[in-house]
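The primary structure of each chain is shown beneath.
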Amino acid sequence: MPEVFRFPKSLKKTLFHYCPGCHHSIIHRLLCEVIDELGIRERTIGLASIGCSCFLYFYIDVDILEAPHGRSCSVGTGIKRARPDLVVFTYQGDGDFAAIGLGDSLHAASRGENITAIMINNTVYGMTGGQVSPTTLLFQKTTTTPYGRDPKKEGYPLKVAEILAGFEGVAFCARGAVNTPQRVLEAKKLLRRAFEIQLRGLGFSYLEFLSACPINWKMDPISATRYVDKLAETFPIKVFKDQLSEGKNEA
Amino acid sequence: MKKIKILEERCKGCGLCIEFCPKKVLGFSEKRNLQGYRVVGFYAKEKCNACGICFLMCPELVFVSEE
Amino acid sequence: MMAKKVLVKGVEAIALGALEGGCQCYFGYPITPQNEIPEIMAIELPKRGGVFLQAESETSAINMVLGASAVGARVMTSSSSPGISLMSEGFSYLIALELPCVVVNVMRGGPGLGGIEASQGDYFQAVKAPGHGDGRFLVLAPYSCSEAYQLTAKAFELADKYRNPVMILSDAILGQMKEPLLLKSLKIKTYPKEDWALTGAMGRPSRVIKSLFLDSKELAERNLRLKRKYRAMEKEIRYEAIFSGEERVIAVAFGSIARICKEAVLNLREKGYEVGFFRPITLFPFPGKALLNMAERSLGKVSLVVFELNCGQMIEDVKLSLCGKAEAISRYYPPSILPFPEDIEKELKKCLKSSGFPKV
């Protein structure tokens, strides 16, 4: 039976600023539950990115540093190299991680930086009003693809998890979602696994969560939550790589 | 069996709990909270077996145990 | 222990100065003419339990600097003009987050790809606007290997003292020129960082280092706080002057070209010409008061000739400082034309003649 009906210790009680039905705060809760269970709250540094989740520090009660747009993985690299004893995670949107920050993200992964990168994939730039992003679905309408994403013009959805799975520096790579109770439980296991990989120094851990963005998808929260299943057709929910389960348990 | 409490001020009326509650014991009440959202409420509290699915799906941590 | 004497390039002196200054982490990217700095750091830092990492771009490197600084490390990066441009957003964040670090810019010809010879074309960028917003760097401009060594070491102390990035602004001449350097140990101060650095919320409430202030009052106060800091930095102003009051013409220059001017000035003074010399070492805060004071203490009319390896940038700060009290003339040499001391002497003599004072 999951630990329910209780605030995780490392989750502050501040009301979330997210839109009704946004999945960000579900993932915040799971992240805090994992931080509590692993007992790492007092040696964890979170990196807030630029986007809807830039106010991470209002909600997660760990030391948090604001990273410039797209640079969380580089900032995280600087922290982890200077203080390898600290636990470092980034919390980024698809625009932050895979558009402007793709170089920083891929190189941190390729170097096998011992940090945990969390990418929330809602296929749009949420905070700025729903513009197209590298993970926008084919033919999906956004404020900057008003006629739908045209592969001839805007190319194809960027499958980050599939790319990172091929990197030797990556020790854990998975994609999850939180749009059904079952997937919420699974998402927490993935988060825990990602941090365990970091704690064992096995290399870069990447975790992508498909997430609903009702307001920018112009849907009610329930339809948006269902629509995540459509995202999953383009972005399969799967564990792509998990060195812990492949028997390698120490760097 | 855990008693569930609804933190009405946290609710944003997204309806996910109502949608996913297997026993269909939840629904929108007539009340509105300070933020102006219609707050979730129990239709039939006695049928609730505290399975926790509302807690899992709720983005706002509206459902907490009474202690 | 007797200080060792070594024959080094300017960039090597900078690297050695950084190590003397207690540098613990270096993040950078290859670019001529400063490659010796990362190369030395790659050898030396691991030996001292430090961190060296070459990033995939200058943009990434400056953000690694930001991370390491936020957890209390003494950290630096070095680059040259185009790379410095790529770091400017990071600079603005480092300033806003009040994070100490040392940034070395060994200037090369610009704009664009430009050249790899010397230039001082990044003066404005360094002293006026290293990044967006009102943020400033404390900028130090060495003109010799020993000064490069000492100022780079000192930069780490000043960065921690003011919790603000400090820039060492040099160029390809000093960078690639070899000179003897006395490796004397310098007393570089350290400052406690426990009350602000991110170390994990152990035994204290969690901490945030951020620059986003949507509340306008808070952001305004933030900017005024930084402004007070820049005023406080005026205590660190340094300059070199050769001036007694009788001079009619004063050569003003910083960095490599200042050495050429100084030689010219000393030659002329030996021949009895009434020529002075003024060399800003801190470019921000600019030694404007000292310049104005010098002009006011001059017995007669004095003109200042500002020599620069660009198309005329510091001339504006000189004019601003003089408030019209004395004439300021710009003599500029765009990259990569390099004057000889004789060229400078000719210019100074011309100014002496035109201001009506024959040779004594």
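Note that the structure is a prediction, hence the values are computed from the model and not measured.

Asker: Any details on the domain arrangement of chain C? Residues and values, ideally.
Answerer: Interface extent is often summarised as the accessible area lost during association of the parts. Residues and elements named next belong to chain C. When cut into domains, chain C gives domain 1 (4-235) and domain 2 (240-354). Relative to domain 2, the C-alpha centre of domain 1 lies at a distance of 28 Å. Each side of the interface is counted separately: domain 1 has 33 residues, and domain 2 has 26 residues. Buried area between domain 1 and domain 2, summed over both chains or domains, comes out near 2,500 Å², and the portion from carbon and sulfur atoms is 57%. If you sort the residues of domain 1 by the area they bury against domain 2, Gln-120, Tyr-123 and Tyr-143 come out on top, with a joint share of 35%. For the pair domain 1 and domain 2, the interface holds 4 salt bridges. Put simply, domain 1 and domain 2 have 18 residue pairs in polar contact (both at pLDDT 80 or more) between them. Only helix H6 (123-127), strand S6 (138-140), helix H7 (145-162), strand S7 (165-171) and helix H8 (172-176) provide two or more residues apiece to the side of domain 1 that touches domain 2. Across the side of domain 1 that touches domain 2, the residue classes break down as 19 nonpolar, 6 polar and 8 charged.

Asker: Now, about the sheet that holds strand S10 (residues 239-242) of chain C: what can you tell me, with residues and values included?
Answerer: Residues and elements named next belong to chain C. Strand order in the open sheet formed by 5 strands is S10-S12-S11-S14-S15, with mixed pairing between adjacent strands. The two strands at the open ends of the sheet, each matched to only one other strand, are S10 and strand S15 (327-332). The mean inter-strand angle of the sheet, taken between neighbouring strand axes irrespective of direction, is 20 degrees. Summarising the sheet, S10 and strand S12 (residues 275-280) pair through 4 bridges and their orientation is antiparallel.

Asker: How would you explain the sheet that holds strand S13 (residues 282-284) of chain C if you had to name every residue and give the values?
Answerer: Residues and elements named next belong to chain C. Taken in spatial order, the 7 strands of this open sheet run S3-S2-S4-S5-S7-S6-S13, and their pairing is mixed. Looking at the sheet topology across the chains shown, the edges are occupied by strand S3 (51-54) and S13. For this sheet, the mean angle separating the axes of adjacent strands, direction not counted, is 20 degrees. Here strand S2 (residues 25-28) pairs with strand S4 (residues 75-79) via 2 bridges, running parallel. Considered in S4, the bridge of Tyr-26 is made with Met-76.

Calculation notes
Residues numbered from 1 in each chain as written. Chains lettered and ligands numbered in written order. Predicted model: local features only at pLDDT ≥ 70, side-chain atom pairs only at ≥ 80, totals over all residues. Heavy atoms only, no water. Domains from an automatic or database assignment. Contact = heavy atoms within 4.5 Å. Buried area = accessible area lost by both parts, 1.4 Å probe. Salt bridge = Lys/Arg side-chain N within 4 Å of Asp/Glu carboxyl O. Polar contact = N/O pair within 3.5 Å; in protein donor to acceptor, adjacent residues only side chain to side chain. Helix = DSSP H or I, 4+ residues; strand = E, 2+ residues; numbered from the N terminus. Nonpolar A, V, L, I, M, F, W, Y, C, P; charged D, E, K, R; others polar. Pairing = 2+ DSSP bridges. Axes fitted to C-alpha atoms, helices over the stretch in contact; angles between N-to-C directions.

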